[in-house]
Amino acid sequence: MKNLINAVINFFYPYFRRFMPLQTFKYAACGGGNTILDIVLYAFSYNLIFKDKFIHVPVIGIPMSPYIAAFLTSFTITFPLGFYMSRTIVFPGSTLRGRIQLFRYSLLVISCIALNYIFIKLFVEQCHLYPTVSKILTTLIVVAFSFITQKNFTFKAEAATPEVLRPENGLETVEEEEEIKM
């Protein structure tokens with residue numbers, strides 16, 4: 001799957017090279033594809049599986065509305081897929097352990113859900129914007145926040161050790177050269 005996604009991205013990227021760096025394009029492509037999948041799964045679940053029926057959830061003892069059930073259904077598929085694509089395609093150079101990345105990604109997703117709620121309410125109720133315009137503005141803010149957070153926190157890559165030119169001593173890195181000097 002990783003190779004197929006990378007092949008598609010590499011095919012289309014030359015058309016966008018002038019507008020954005022490759023990592024940003026990968027983020028937009030993977031995130032956009034995952035968002036489209038989320039919407040399709042939500043619509044399918046809501047309209048065909050739950051069909052305006054409340055779902056009784058024995059664990060919490062209350063009925064769940066069909067739109068929340070559809071959200072949870074699509075979320076259980078797109079959350080792990082989004083994590084996989086971010087980890088292996090968009091930010092493959094991360095040196096953090098997988099479980100740390102997953103924990104940080106979970107925090108980010110929770111934050112994004114909260115930011116969506118806050119900004120939509122703010123734009124609709126306080127700024128008196130139309131809900132669709134509010135959603136578009138909110139999406140722009142949350143996507144920018146998500147990209148910056150994933151790049152600098154969730155999938156943070158360590159700074160690369162500078163390579164020493166291979167002179168006659170054949171040393172690979174600055175550390176090796178410093179060890180010999182000591």
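Everything discussed here concerns the structure shown above.
Rules used in this analysis
- Residues numbered from 1 in each chain as written.
- Predicted model: local features only at pLDDT ≥ 70, side-chain atom pairs only at ≥ 80, totals over all residues.
- Heavy atoms only, no water.
- Helix = DSSP H or I, 4+ residues; strand = E, 2+ residues; numbered from the N terminus.
- Contact = heavy atoms within 4.5 Å.
- Areas by Shrake-Rupley, 256 points an atom, 1.4 Å probe, with all protein chains shown as cover.
- Patch = residues over 30% accessible without salt bridge, like charges linked within 9 Å, V, L, I, M, F, W, Y side chains within 5 Å.
- Salt bridge = Lys/Arg side-chain N within 4 Å of Asp/Glu carboxyl O.
- Expected span 1.5 Å × (residues − 1).
- Bend = angle between axes of the 7 residues up to and from the residue.
- Core = buried A, V, L, I, M, F, W, Y, C linked by side-chain atoms within 4.5 Å.
- Buried < 20%, exposed > 50% of the residue type's maximum accessible area, 1.4 Å probe, protein only.
- Phe/Tyr/Trp six-rings, centres within 6.5 Å; stacked < 30°, edge-to-face > 60°.
- Axes fitted to C-alpha atoms, helices over the stretch in contact; angles between N-to-C directions.
- Parallel < 35°, antiparallel > 145°, perpendicular 65-115°, else oblique.
- Left-handed = near helix turned anticlockwise from the far one by under 90°.

**Observations concerning the overall build of the chain**
Here is step 1: Helices and strands together make up the secondary structure of the chain, namely 6 helices and 2 strands.
Here is step 2: Starting at the N terminus, the α and β elements of the chain follow one another as α-α-β-β-α-α-α-α.
Here is step 3: Long-range contacts, defined as pairs at least 24 residues apart, comprise 53% of the intrachain contacts of the chain with a sequence gap of at least 6.
Here is step 4: Total accessible area computed for the chain in this model is approximately 12,600 Å², and 68% of it derives from carbon and sulfur atoms.

**Here we look at a nonpolar patch on the surface**
Here is step 1: A contiguous nonpolar surface patch, about 790 Å² in accessible area, is contributed by Leu4, Val8, Phe11, Phe12, Tyr15, Phe16 and Phe19.
Here is step 2: Relative to the elements of secondary structure, Tyr15 occurs in the loop between α1 (2–12) and α2 (22–50).

**Points about helix α3 (residues 66–90)**
Here is step 1: For α3, with 25 residues, the first-to-last C-alpha span of 33 Å sits near the 36 Å given by 1.5 Å per residue.
Here is step 2: Along α3, the largest kink reaches about 30° and is centred on Phe75.

**Here we look at the nonpolar core**
Here is step 1: Core analysis: the biggest nonpolar cluster contains 17 residues, and Ile5, Ile9, Cys30, Met85, Ile89, Phe91 and Tyr105 have the highest contact counts within it.
Here is step 2: Going through the elements one at a time, α1, α2, α3 and α4 (98–126) are the ones with two or more residues in this core.
Here is step 3: With 6 residues, the top contributor of residues to this core is α3.
Here is step 4: Those residues within four positions of Ile9 in sequence are excluded, and the remaining contacts are Leu22, Phe25, Lys26, Ala29, Cys30 and Ile89.
Here is step 5: Phe50, Val57, Met64 and Ala70 belong to the second-largest nonpolar core, a separate cluster that totals 5 residues.

**Things to note about the pattern of salt bridges**
Pairing of side chains with opposite charge becomes possible as their charged atoms draw close.
Here is step 1: Summed over all chains, the structure comprises 1 salt bridge.
Here is step 2: Put simply, Lys121 and Glu125 hold a salt bridge, and the shortest N to O gap is 2.7 Å. With Lys121 and Glu125 both in helix α4 and 4 residues apart, this pair spans about one turn of that helix.

**Observations regarding the packing of aromatic side chains**
Here is step 1: Using the criterion set out here, one finds 14 aromatic pairs in the structure.
Here is step 2: When the ring of Tyr42 is compared with that of Tyr46, the centres are 6.2 Å apart and the planes differ by 0°; the resulting orientation is stacked. Here the residue Tyr42 and the residue Tyr46 both occupy positions in helix α2, the gap between them amounting to 4 residues, near one helical turn.
Here is step 3: A network of ring pairs unites the aromatic residues Tyr27, Phe71, Phe75, Phe79, Phe83, Phe91, Tyr105, Phe147 and Phe155 as a single cluster.

**Thoughts on the side chain of Thr149**
Here is step 1: Here Thr149 lies in helix α5 (residues 131–154).
Here is step 2: Setting aside residues up to four positions removed in sequence, Thr149 forms contacts with Leu108 and Thr154.

**Considerations on the packing of α1 against α3**
In a pair of packed helices, the angle between the axes and the distance between the axes together describe the arrangement.
Here is step 1: In contact at an axis separation of 11 Å, α1 and α3 are set at 65° when each is read in the N-to-C sense. Judged by the inter-axis angle, α1 sits roughly perpendicular to α3. For the pair α1 and α3, the crossing hand works out as right-handed. The segment α1 lies against α3, with Lys2, Ile5, Asn6 and Ile9 engaging Tyr84, Met85, Thr88 and Ile89.

**Details of the environment of Arg97**
Here is step 1: Along the chain, Arg97 turns up in the loop between α3 and α4.
Here is step 2: Judged by its relative accessible area of 53%, Arg97 falls in the exposed class.
Here is step 3: The sequence separation of Arg97 and Phe155 amounts to 58 residues, and the corresponding C-alpha distance is 9.4 Å.

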